[in-house]
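# Chains, contacts and geometry: an overview
Here are the chains, one letter per residue:
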Amino acid sequence: MTVPAAPTLSSEPRAWWSRVHQALMPDYNRKATIYWWVMGFLGAAVLAVSIVRLASRPPGELVQIFVGCLVAMLAGIFPVRIPGAKNSFAAGEIFIFLLLLIHGPEAAALAAAGEAFVGSARSSKRWTSRLASPAMAAIAMTLAGSSLLAGLGLLRARGTYSEPMMVLGVMFFAIVYFLINTVLVTLVIRLKRNERLQLHEFFGNFGWVGTTYAASSLIAALLFLSFQEIGIGVMAAAVPIIAMLLTMLHYHFRQRETDDAAQTVRVEAAEREAEQAARHVRELQTSEQRFHSAFSHAAIGMALVSTDGRVLQVNAALCNLLGLPEDSVIGHAFSEFVHPDDARALAGHLLPEPSQEIAGPAVEMRCANASGDEVWIQLHSGYFSEHDSSAPCLILQAQDITARRTAESRLHHIAYHDALTSLANRMRFGERLAQAIERRHADPTKHFAVMYLDFYRFKLINDTLGHSAGDQFLVKVAQRIQHQVRPCDTVGRLGGDEFAILIEDMDDVQMAVAMAERLQESLRRPYLLDDTEVDSSASIGITFSSIGYDTPGEVLRDADIAMYRAKAGGRARYALFDASLRAEIADQVRLERDLRRAIERDELSLNYQPIYDLATGRIDCFEALVRWNHPERGPIPPATFIPIAEDSGVIGALTEWVLTHACRQLSAWHEGQPSRSRLRLHVNVSGIDMCRANFISQVATTLLSNGVEPSLLTLEITESMLMKRLDSALENMNRLRKIGVGLSVDDFGTGYSSLSYLSTLPITSLKIDRSFVQRLQNESRNGEVVKAIVTLGVALGKTVIAEGIETPAELNQLRALGCGFGQGYLLARPVTADMCEVLLQGEHHIATLEAASDPTGLLNAADHPGWSVTHH
Ligand code: C2E
Ligand code: MG
Ligand code: MG
């Protein structure tokens, strides 16, 4: 809460007063204000009295006084600052004291006030100082000057005055002047701050200045003495000399000041540098300590190594990693601990390149630890130079990555090896093969060979003894193969029972051949699988780098082709690849593929060739013959594609197709034709069919579904095929006979079966091979053979059929020999089912051997004009 001030009468003057006070001395307290005003008035009074007193002096003296005051004030403008002190020395004091000695204290007071004004105007902007300083100087000079003159007067009166006494007196009173002046000035400050005057501090601060006052007064006294001797002229000479001296002093002090400042700067800089250096050393020490503790306690292995590879220092982690104590590592070459195969990688990493400050890329290498185990490390290195050593060294960091490498190599092994046999898998084998091809491209003397192995009976083992036995078989095969190859060779399991061997650094073809023979020898030995002894053998195809390969696929394809060739040659064979084989097999492979498609798409057809009863000339039956009209290659003879079908396993499907279509046709011919109800059909089957377990059911089903009586079907099997597989075929043949199906031995006479053997076979007929028929006329011996066959056949109760009758002479001869049935181009070519219908309806039969025309032109070969059948 504020209480408004009560209006007073004195408020007007007080406001004026406080305005002045506020403007002039806002920082002055009451005591200081009073002191200031007292000093001001007193000084003004002193000056006024002095001026009044001086006014009566003669003009000459007044001029001197004026000039003296002017010089003192001028000197006050250019004070000589004393280096190291706060105060400055004004030359004006000399003239003030000179005025005192010549013209008395009034003149000196004026000069002192003038000089003080100039000095304070220069050093302070405040009028309180500019006014108080001259006042106080005037007071101090009046007091001190009057005292001096009084003293000198007393000396003169006593007759003890002397010039030295005067000089001493002047100096003494100069100091008194200085003291009075200084006390007066200092008091203002002390009063303002409400402090007491401290004399010791006062002397400490102003002692030097006091001495300059004494010096000034001494000069003044000496000038005064000269003035008394010489007159005012001395002044004219003294003033410029003093001015010059002071100027020189001024510049000298300035120079010293500049030098001192420069020196100070230099000293400060040096101090700063020293401090910085000390800090640097401290930091270095700390960082060194830090480094050493990081080095010693690091979990990662670390070593300091000289550029020549010797270990200078090693930490505990690296000793642990190597399993060695520190003194077994220090001093040794680091390479001693690295696997010899990785020595080169290490040398590359330690290569001395002192300019290379930055760490290089990490390398992975093997070390052997004390127990001889392999330890994988990841090594980083970087250059390192210690402040107290001139040569740089290397700091190595070795991280134990054994666990990672082991996991990686396990994964690698899984990815590249066959789990069952641990052999290289197809991918790995392909990679190794690709490398071998590349090496061979780079250096044509680096030959290689690839073997492709296929095992006889592997599928049978799997099917009959089970998969576990199959696996055991494969493992044993893998072991036997590996026993026969060199460490530098690569054995791979490419899938199933397909194995391949890459033989590198091969000297000649003979070496591969010898290896193939050794392999077959070893693989032929019986295998004991689950207590069952099993025989097997390998077909080996071999190809060589000299053929010129670019991809692993090409090599494997050719080795595979050679393997097929080996297989075709019989069991446990090997075959070497050559370029002609490639074309041949490639063609076969294409045909095989096309044949499968042809069966699926019904691109096959059947022709039928009648078999005549040579006695009656009537058609006894038909033989179904398969035809394949390839969409691009045109008609392909059965002699070409039947063996392919047999090799590739397509034969089963083909036989099924033929049987079905033939039976369907026979049933069509029978339909609504009671006269044809005994018409029979011959169908060719392969020896492989005859060995198939499901063959009987297949035949039976086909007959049944087409309503064909089994006795109307005869299956033909070539003699050579029959002899090859007699053991396995016999059972099926017996069963077929049991259900009533007829069996015929085709191409009889080519299969080297003994005639006596015929009696034991469950066959109903035999067909004399065309080759015997054709040679009937030329060689009488053939006539004997045919005669023997006919005789034996008839004796055994078998139907004898002659194949390939092309000429009437052959026909006649066969008839004469007692051959009951025959077929051939002379009688009828294989024709379509429709054409058979014509033949059946026309009831063609062989009438005579006389020349006759063939009105249809269909029945006889164009190359046999003149021989024909007659139509009824
Ligand atoms: P193959 O069973 O001995 O059949 C008789 C072959 O002789 C037929 O040849 C026939 O056209 C031919 N031929 C008939 N008369 C004469 C003649 O007077 N002179 C001459 N030079 N040849 C004559 P094709 O049709 O080329 O059949 C050849 C062989 O292919 C057959 O001999 C048979 O072993 C086999 N084949 C034919 N069709 C089939 C079939 O459907 N299945 C099986 N597994 N094999 C078949
Ligand atoms: Mg036949
Ligand atoms: Mg035949």
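What counts, and where the lines are drawn
Residues numbered from 1 in each chain as written. Chains lettered and ligands numbered in written order. Predicted model: local features only at pLDDT ≥ 70, side-chain atom pairs only at ≥ 80, totals over all residues. Heavy atoms only, no water. Pairing = 2+ DSSP bridges. Helix = DSSP H or I, 4+ residues; strand = E, 2+ residues; numbered from the N terminus. Axes fitted to C-alpha atoms, helices over the stretch in contact; angles between N-to-C directions. Contact = heavy atoms within 4.5 Å. Donors = N, O, S within 2.8 Å, 3.2 Å for Na, K, Ca; no water. Buried < 20%, exposed > 50% of the residue type's maximum accessible area, 1.4 Å probe, protein only. Parallel < 35°, antiparallel > 145°, perpendicular 65-115°, else oblique. Left-handed = near helix turned anticlockwise from the far one by under 90°. Nonpolar A, V, L, I, M, F, W, Y, C, P; charged D, E, K, R; others polar. Core = buried A, V, L, I, M, F, W, Y, C linked by side-chain atoms within 4.5 Å. pLDDT = per-residue confidence, 0-100. Phe/Tyr/Trp six-rings, centres within 6.5 Å; stacked < 30°, edge-to-face > 60°. Near = heavy atom within 4 Å. Polar contact = N/O pair within 3.5 Å; in protein donor to acceptor, adjacent residues only side chain to side chain. Areas by Shrake-Rupley, 256 points an atom, 1.4 Å probe, with all protein chains shown as cover. Salt bridge = Lys/Arg side-chain N within 4 Å of Asp/Glu carboxyl O.

### Concerning the sheet that holds strand S9 (residues 490–495)
Sheet strands pair via backbone hydrogen bonds, and the direction of the pair is either parallel or antiparallel. Taken together, five strands build an open sheet; the order of strands is S9-S10-S8-S13-S14 and the sheet is mixed. Every other strand in the sheet has two partners, leaving S9 and strand S14 (574–576) as the edge strands with one partner each. Ignoring which end each strand starts from, the neighbouring axes of this sheet average 20° apart. Where S9 and strand S10 (residues 498–503) come together, five bridges link them in antiparallel fashion. When the sheet's bridge partners are listed, glycine 492 is paired in S10 with alanine 500. Together, strand S8 (449–455), S10, strand S13 (538–544) and S14 form the strand contacts of helix H16 (residues 509–524), whose direction differs from that of S13 by roughly 165°.

### Things to note about the coordination of the magnesium ion (ligand 2)
Coordination of the magnesium ion (ligand 2) by the protein involves Glu623 (OE), Asn684 (OD1), Glu716 (OE) and Asp746 (OD), with metal-donor separations of 2.0 to 2.2 Å. Counting the intervening residues between successive donors of the magnesium ion (ligand 2) yields the motif E-x60-N-x31-E-x29-D. Here the magnesium ion (ligand 2) and the magnesium ion (ligand 3) are spaced 4.1 Å apart, with aspartate 746 acting as a shared donor. Here aspartate 746 lies in strand S20 (residues 742–748) and glutamate 716 lies in strand S19 (residues 713–718), a separation of 30 residues in the sequence. By relative accessible area, glutamate 716 is classed as buried at 1%. Look at aspartate 746 and you get buried, because its relative accessible area is 5%.

### Observations regarding the pairing of strand S7 (residues 393–400)
In this structure, strand S3 (residues 301–306) lies alongside S7, joined through six bridges in antiparallel fashion. What sits directly across from alanine 303, in S7, is leucine 396. Sheet topology places strand S6 (residues 374–384) next to S7; eight bridges connect them, and they run antiparallel. Bridge assignment links phenylalanine 384 to a residue of S7, and that residue is cysteine 393.

### Here we look at the pairing of strand S15 (residues 604–613)
Counted residue by residue, S15 has nine buried out of 10 residues, so it is predominantly covered. As paired strands, S15 and strand S16 (residues 618–630) are joined by 10 bridges and run antiparallel to one another. Across the sheet, residue aspartate 613 finds its bridge partner in S16, namely arginine 618. Counting the residues in the hairpin turn of S15 and S16 gives four residues, including glycine 617, whose phi is positive at 80°. Across two bridges, the pairing between S15 and strand S23 (residues 821–822) is antiparallel. Looking across to S23, one finds that tyrosine 612 is bridged to glycine 822.

### Details of the coordination of the magnesium ion (ligand 3)
Coordination of the magnesium ion (ligand 3) by the protein is provided by Asp746 (OD), Asp747 (OD), Glu803 (OE) and Glu803 (OE), with metal-donor distances spanning 1.9 to 2.6 Å. One chain supplies every donor to the magnesium ion (ligand 3), and in sequence these donors are spaced D-D-x55-E.

### With respect to the sheet that holds strand S5 (residues 363–368)
Strand order in the open sheet formed by five strands is S4-S3-S7-S6-S5, with antiparallel pairing between adjacent strands. Every other strand in the sheet has two partners, leaving strand S4 (311–314) and S5 as the edge strands with one partner each. Each strand axis lies, on average, 35° off the axis of its neighbour in the sheet, ignoring direction. When S5 meets S6, the two strands line up antiparallel, connected through six bridges. Pairing of glutamate 364 across the sheet is with glutamine 378, part of S6. The strands touched by helix H9 (residues 233–297) within the sheet are S3, S4, S6 and S7, with S3 carrying the most contacts at an inclination of about 120°. Across the face of the sheet, helix H12 (residues 402–416) comes into contact with S5, S6 and S7 while running at roughly 130° to S6.

### Digging into the packing of helix H4 (residues 92–103) against H9
The relative placement of two packed helices is expressed as an angle between their axes plus a distance between the axes. In contact at an axis separation of 12 Å, H4 and H9 are set at 160° when each is read in the N-to-C sense. In terms of axis orientation, H4 runs roughly antiparallel to H9. Between H4 and H9 the crossing geometry is right-handed. Residue-level inspection shows Ile94, Phe95, Leu98 and Ile102 of H4 in contact with H9, the latter providing Met235, Val239 and Ile242. Its residues placed into classes, the contact of H4 with H9 shows seven nonpolar, no polar and no charged.

### Concerning the nonpolar core
In this structure, Trp669 and Leu715 are the most contacted members of the largest nonpolar core, which totals 77 residues. Here this core takes nine residues from helix H20 (residues 651–670), the largest share from any one element. Excluding residues within four positions of it along the chain, tryptophan 669 makes contact with Tyr608, Phe622, Arg676, Leu679, Leu681, Ala833, Cys836, Glu837 and Leu840.

### Section: the confidence of the model for the protein
Put simply, the protein has an average pLDDT of 85, and 90% of its residues get 70 or more. Per-residue pLDDT, averaged within each element of the protein, yields its smallest value for strand S2 (residues 88–89) (66) and its largest for strand S18 (residues 680–684) (97). Low confidence marks residues 847–872, where pLDDT is under 50. Its contacts with residues over four positions away, or in another chain, come to 52 contacts.

### Remarks on the packing of aromatic side chains
Aromatic ring pairs are defined here through the distance separating the ring centres and the angle between the ring planes. Applying the stated criterion to the full structure yields 17 aromatic pairs. Taking 6.3 Å as the distance between ring centres and 35° as the angle between the ring planes, the aromatic pair formed by phenylalanine 117 and tryptophan 127 counts as tilted. Here phenylalanine 117 is found in helix H5 (residues 105–123), whereas its partner tryptophan 127 is found in helix H6 (residues 127–158), with 10 residues between them in sequence. Given the relative accessible area of 32%, phenylalanine 117 is considered partly exposed. Here tyrosine 608 and tryptophan 669 contribute two aromatic rings whose centre-to-centre distance is 5.0 Å and whose plane-to-plane angle is 70°, an arrangement assigned as edge-to-face. Taken together, the residues span a long stretch of sequence, with tyrosine 608 in strand S15 and tryptophan 669 in helix H20 at a distance of 61 residues.

### Quick notes on the site of ligand 1
Neighbouring residues of ligand 1: 22 residues in total, closest Asp746, Arg770, Glu803, Glu806 and Tyr825. The side chain of aspartate 746 places a nitrogen or oxygen atom 2.6 Å from an oxygen atom of ligand 1. With respect to ligand 1, the side chain of arginine 770 contributes an N or O atom lying 2.7 Å from a nitrogen atom. If ligand 1 stood free it would expose 790 Å²; the protein chains cover 84% of that surface. The leading source of residues in the shell around ligand 1 is S16, at four residues. The class makeup of the residues in the shell around ligand 1 is nine nonpolar, five polar and eight charged.

### Here we look at the pattern of salt bridges
Side-chain pairs of opposite charge can arise where the charged atoms are in close proximity. Taken as a whole and assessed by the stated rule, the structure comprises 33 salt bridges. In this structure, glutamate 364 engages arginine 404 in a salt bridge whose closest nitrogen and oxygen atoms are separated by 2.6 Å. Taken together, the positions of glutamate 364 in strand S5 and arginine 404 in helix H12 put the pair 40 residues apart, joining distant regions of the chain. What makes arginine 404 partly exposed here is its relative accessible area of 34%. For arginine 597, the salt bridge identified is with aspartate 594, shortest N-O distance 3.2 Å. Remark: aspartate 594 and arginine 597 occur in helix H18 (residues 579–600); sequence separation between them is three residues, near one turn of the helix. What makes arginine 597 partly exposed here is its relative accessible area of 31%. Residues joined by salt bridges that share partners form a network here, namely Arg53, Arg57, Glu61 and Glu106.

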